Amino acid sequence: MAEPLLRVEKLVRRFGGIIATDNVSLDVAAGELHAIIGPNGAGKTTLISQLTGHLAPNSGSVSLGGRDITHLPAYRRCALGLARSFQITSLLFDFTAADNVALAAQAHAGTSFRFFANARKEKGLRDAAHAALDRVGLLHRADVVVSRLSHGERRELELAVALASKPKLLLLDEPMAGLGVTESQRMVKLLQELRKEVSIVLVEHDMPAVFALADRITVLVYGRVIASGDPAAIRGNDDVKRAYLGDQHVVTHHV
Ligand SMILES: Nc1ncnc2c1ncn2[C@@H]1O[C@H](COP(=O)(O)OP(=O)(O)OP(=O)(O)O)[C@@H](O)[C@H]1O
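Counting from 1, residues in each chain are numbered in the order their sequence is written. For this predicted model, a pLDDT threshold of at least 70 governs which residues receive local features, and a threshold of 80 or more governs which side-chain atom pairs are given and counted, while totals over whole chains, interfaces and linings are taken from all residues. Excluding hydrogens and water, the side-chain figures rest on all heavy atoms present in the structure.

Looking at an unreviewed UniProt entry, one finds the protein named ABC transporter ATP-binding protein, with Bradyrhizobium hipponense as its source organism. UniProt positions are given in the numbering used here, feature names are shortened, and annotations may be inferred rather than shown by experiment. Heading Function (unreviewed entry) of the UniProt record for the protein holds this comment: "Involved in beta-(1-->2)glucan export. Transmembrane domains (TMD) form a pore in the inner membrane and the ATP-binding domain (NBD) is responsible for energy generation."

Below is the structure:
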């Protein structure tokens, strides 16, 4: 079998008496969209933070493309092709959409020690920013300052910022959070396009979106993997129904 793009083995992370990640193992194949679901406090964000390198595990390992990255800092993982969609709070509100992406492209190109004013002028960075904005459908808003963008547009901009580092694997932590019905449908369509080019780990509470998008779903409860499989298997899994999905209306109205 081909080497998975991401392999997580027996990962453990404790906070005092709480085991937020309890012996978690999972694989993400190249080209896969792998969703991680679970109730509040199940340990999804803690897991993502250990994948990005923002949080160290107590034990276990993470490898990317066969390389052990467990002890690499976040910036080295980013250089190897791992990107997390930044939260809206990390966007620079007084800068334009294009400036925000150019800054991320500049950081990835390793020129972050130069003045940002150069990123605006440098054709290579501007072109890279425009290409990333185009991929998320925001090119027409390139010159609008972030404070004037809608919430949905800011979410799309976060994706463009993440794409600026040309990732192999994109980690998305609740991209639908706070979006209205129309905006989340747009986000699902956008992710359906992006997944053709980049592997994705998606943490999301919007079950219709998850079931419309995922190739595989891993279910966490109290830090533990209780099930992992394709959407049909997860929908039919009694443990998952009991622990999480319950009688949530799991339909696929996103098409
Ligand atoms: N920095 C921290 N210090 C102490 N406890 C923490 C810390 N971060 C997370 N926890 C605890 O670890 C557990 C998992 O939290 P985590 O935020 O990873 O869950 P989650 O599945 O992402 O939840 P949600 O769906 O609400 O975002 C929770 O019990 C939480 O209170």
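A.B. asks: Report on the overall build of the protein, specifying residues and quantitative values.
C.D. replies: Helices and strands together make up the secondary structure of the protein, namely 10 helices and 10 strands. Partly exposed residues are those whose accessible area sits between 20% and 50% of the maximum for their type, while under 20% is buried and over 50% is exposed, using a 1.4 Å probe and protein chains only. Within the span of the protein, comprising 255 residues, buried residues form 51% of the whole. Whether two residues touch is decided by their heavy atoms; if any such pair falls within 4.5 Å, the residues are in contact. Put simply, of all contacts in the protein between residues at least 6 apart along the chain, 64% involve residues at least 24 apart. A run of H or I in DSSP becomes a helix once it reaches four residues, and a run of E becomes a strand once it reaches two; helices and strands are each numbered from the N terminus.

A.B. asks: Can you tell me about the site of the ligand, naming the residues and giving the values?
C.D. replies: In this text, near means that some heavy atom of the residue lies within 4 Å of the molecule or strand in question. Taken together, 13 residues are adjacent to the ligand, and Gly 41, Lys 44, Thr 45, Thr 46 and His 205 come closest. In this structure, Asn 40 approaches the ligand through a side-chain N or O atom, which is 3.2 Å from an oxygen atom. One nitrogen or oxygen atom from the main chain of Ala 42 is found 3.1 Å from an oxygen atom belonging to the ligand. What sets the accessible areas is the Shrake-Rupley method with a 1.4 Å probe; for residues, cover comes only from the shown protein chains. In the complex, the protein chains occlude 59% of the 640 Å² of accessible area that the ligand would expose alone. At the level of secondary structure, the elements contributing two or more residues to the shell around the ligand comprise β2 (18-28) and α1 (44-52). Split by residue class, the shell around the ligand holds five nonpolar, six polar and two charged. A 3.5 Å cut-off defines polar contacts: any pair of N or O atoms within that distance qualifies, except that in protein one atom must be a possible hydrogen donor and the other a possible acceptor, and neighbouring residues in sequence count only when both atoms are side-chain atoms. Nonpolar residues are Ala, Val, Leu, Ile, Met, Phe, Trp, Tyr, Cys and Pro. Charged residues are Asp, Glu, Lys and Arg, and all others, Gly as well, are polar.

A.B. asks: I'd like to hear about the pattern of salt bridges, residue by residue, with values.
C.D. replies: A pair is scored as a salt bridge if a Lys or Arg side-chain nitrogen falls within 4 Å of a carboxyl oxygen belonging to Asp or Glu. Taken as a whole and judged by the stated rule, the model has 12 salt bridges. Arg 84 serves as the salt-bridge partner of Asp 173, at 3.7 Å between the closest nitrogen and oxygen. Of this pair, Asp 173 sits in strand β7 (residues 169-173) while Arg 84 sits in strand β6 (residues 82-84); the two residues are 89 residues apart in sequence, bridging distant segments of the chain. Relative accessible area serves as the criterion here: at 19%, Arg 84 is assigned to the buried category.

A.B. asks: Residues and numbers for the sheet that holds β7, please.
C.D. replies: Pairing between strands is defined by DSSP: at least two bridges between the two strands are required. One open sheet holds the six strands; their spatial order is β6-β7-β8-β3-β9-β10, and the pairing between them is mixed. The sheet is open, and its two borders are formed by β6 and β10 (224-229), each paired with just one other strand. Neighbour-to-neighbour, the strand axes of this sheet turn through a mean angle of 15°, independent of strand direction. Sheet topology places β6 next to β7; three bridges connect them, and they run parallel. Fitted lines through C-alpha atoms serve as axes, helices being fitted only where they are in contact, and the angles separating the N-to-C directions of these axes extend from 0 to 180 degrees.

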